[in-house]
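Summary of structural features
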Amino acid sequence: MTAIEARPGIVLDAEERRRLRGARAERIGRWVLPVAIMILAIGLWDRICVWNEIPQYILPRPGVVLQTLWKDAVLLFGSLMVTLRITFLGLALAVAGGVGLAVLFTQSKWVEMSLFPFAIVLQVTPIVAIFPLINIYVDNQTAKLLLCSWIVAFFPILSNTTLGLNSVDRNLIDLFKLNGATRWQQLWHLRLPAAMPYFLGGLKIAGGLSLIGAVVAEFVAGAGGQSSGLASRIIEAGYRLNAPRLFAALFLISVTGIVIFLVLTLVSHLILRRWHESALRQER
Amino acid sequence: MVDDPGSGAPLLSLRSVGKTFSNGVAALDDVSLTIGEGDFISLLGPSGCGKSTALRLIAGLSSPTIGTVEWHKQLGSDCVGFVFQEPTLLPWANVFDNIWLPLRLKGMSRRQAEPAIRDLLDRVRLSGFDKAMPRELSGGMKMRVSIARGLVTRPRLLLMDEPFAALDEITRFRLNTDLLELWREERFTVVFVTHSVFESVFLSNRVVVMAARPGRVFRELDVAAPYPRGEPFRTSPEYAALCRETSDVLGEAIHLNPGAGDDGH
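Residues numbered from 1 in each chain as written. Chains lettered and ligands numbered in written order. Predicted model: local features only at pLDDT ≥ 70, side-chain atom pairs only at ≥ 80, totals over all residues. Heavy atoms only, no water.

**Side note on the interface of chain A and chain B**
Put simply, the rule is: Residue contacts follow a heavy-atom distance rule, with two residues in contact if any of their heavy atoms lie within 4.5 Å. The buried area of a pairing is the accessible area, by a 1.4 Å probe, that goes missing from both parts when the two are put together, added over both. By definition here, a salt bridge exists when the distance from a side-chain nitrogen of Lys or Arg to a carboxyl oxygen of Asp or Glu is within 4 Å. Any pair of N or O atoms that falls within 3.5 Å is considered a polar contact. Within protein, one atom must be able to donate a hydrogen and the other to accept it, and sequence-neighbouring residues count only if both atoms are side-chain atoms. Helix numbering and strand numbering both begin at the N terminus, where a helix is a DSSP run of H or I of at least 4 residues and a strand a DSSP run of E of at least 2.
If you look at the interface, chain A gives 19 residues, while chain B gives 22 residues. Approximately 2,000 Å² of surface area, both sides summed, lies buried where chain A meets chain B, with 65% of it carried by carbon and sulfur atoms. The three residues of chain A that bury the most area against chain B are Leu 178, Asn 179 and Arg 274 of chain A, which together make up 33% of that side's buried surface. Between chain A and chain B we count two salt bridges in total. Here Arg 274 of chain A and Glu 136 of chain B are joined by a salt bridge, their closest N and O atoms 4.0 Å apart. Applying the counting rule to chain A against chain B returns four residue pairs in polar contact (both at pLDDT 80 or more). Put simply, the parts of the chain that give the side of chain A that touches chain B at least two residues each are α7 (170-178) and α8 (183-222) of chain A.

**Remarks on the sheet that holds strand β3 (residues 40-44) of chain B**
Residue and element names in this part refer to chain B. We apply this condition: Note on pairing: DSSP must find at least two bridges between two strands before they are called paired. Between N-to-C directions, angles cover 0 to 180 degrees, with each direction set by a line fitted to C-alpha atoms, over the stretch in contact for helices.
A sheet is described by the order of its strands in space; here six strands give the open sequence β5-β6-β7-β3-β8-β9, paired in mixed fashion. The open sheet has two free edges, formed respectively by β5 (80-83) and β9 (216-222), since each of these has just one partner strand. Each strand axis lies, on average, 20 degrees off the axis of its neighbour in the sheet, ignoring direction. Note: β3 against strand β8 (residues 206-211), four bridges, orientation parallel. Along β8, the bridge assignment pairs Leu 43 with Val 208. Across the sheet, helix α4 (residues 139-151) lies against β5 and β6 (157-161), angled at about 165 degrees from β5, the strand it touches most.

**A closer look at the pairing of β9 of chain B**
All names here are of chain B. When β8 meets β9, the two strands line up antiparallel, connected through six bridges. The partner of Ala 211 across the bridge, within β9, is Arg 216. Where β8 hands over to β9, the hairpin turn is made up of four residues, of which Arg 213 adopts a positive phi near 50 degrees.

**Things to note about the side chain of Arg 149 of chain B**
Put simply, the rule reads: A simple rule labels every residue: compare its accessible area, found with a 1.4 Å probe on the protein chains alone, to the largest value its type can have, and call it buried under 20%, exposed over 50%, or partly exposed in between. By the counting rule applied here, Lys and Arg register as positive and Asp and Glu as negative, while His and the ends of each chain are not counted.
Relative to the helices and strands, Arg 149 of chain B is located in helix α4. Buried and without a salt bridge, Arg 149 of chain B has Asp 169 of chain A as its closest oppositely charged side chain, separated by 8.2 Å.

This is the structure:
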């Protein structure tokens, strides 16, 4: 960890003092600036509503959104739980599928060559365009949403993990061969740990994507009135011109996305902090 | 203590070995070499003379196009230790676990392996660093871990591929001396690839000077200085004379095809 405070008894020249001041200001600014801008923006939003006398069904004031969040808490958080369930199940399946396929790919170049294009096709086709098909072929509502969330989330995990499994030091592979390591030992003791930073990078992207996948799936499915997740709350609120609730639901979704990202970042940091460059602080 | 190293029976021989890669490059041509038990042999030569290829052939990591690599005794797979140019440690494992790796791959538990590892840590002067992660160590210390890992299976033959090339001179001298001490205590055989005349003369009892394009043995030189060789040997006139002689032979080998020595890797 970089020391921000000067050690007592050490005389600093002007350049070092400036550097120290800069580091201190940066540390504080990193947190204070975004929060300040956020508060400013919300304040401005509130003022604009008042100054222009914008009706609540067009743009509610932030206070009203907060009130609605409290008033409709049971409804909204109930829906959030539905969406979260799909999100996490989708993410879990994406991890299993992505890592599983990546391991399969590294076992045989032929399998990778044959299957990777299909993964790309699945990735580049917009999920909204695929969903009507899923809607026809899959009956179970949960399965539909899960499939959707999975398709969106699994690709970054697959491609990152594949890259990681293949980015092993050639000399280490020789060392394993020299010591008569089996394929399984090579995978377990060498390739999987080496792929960990890549996998975690993919996981961070996939966490956000699985939420997006779940919400988009609910949107498309919810148009038929079959879903009870946050997306259907938004559609419903839109029909009824209930803008405060719409904003409250939107707020919940983005907070959820942020929390997922932060949690995954923390997990990644905890796993990598002892060895990987990305988790180390810059030292001069 | 062995005062007359390299007197052992032949351990392995390369017999008219050639290696041509699929891109048509002849890395080795008609190389014959006998390595005796207890030898410390340096392969010295310019870039592209096939030193590393020879090492990989001996290790069994690659097979010759023609000729044979023949072991004179039936030895198991764990009779060879390998030390790479880079320390090549597992960055996610601490020092202890890195040294344990070869034994672990052979199914030995941490507890079974512990005495051997503690002993080695002592010998490479790293006791107390068993819990340290590779990134916390200096370049020299990482190389010590790498050497310990190479020796943990108690190999009959230790293959070293320019292990100290990336280190500063002070660290390099220190590791040279320590390596010699380990070698004299444990009596394993070493094949050591290097670019450095000084290093090859200081360490080995026999220097094999190689020439490039195609890679081949140019001349073998016996280094007739007695062991133990410590820091005093480094500044002795005897050492200087041996270095000059070796350097001259290397010069001849390089001049066979000018430009072979300066292709930059």
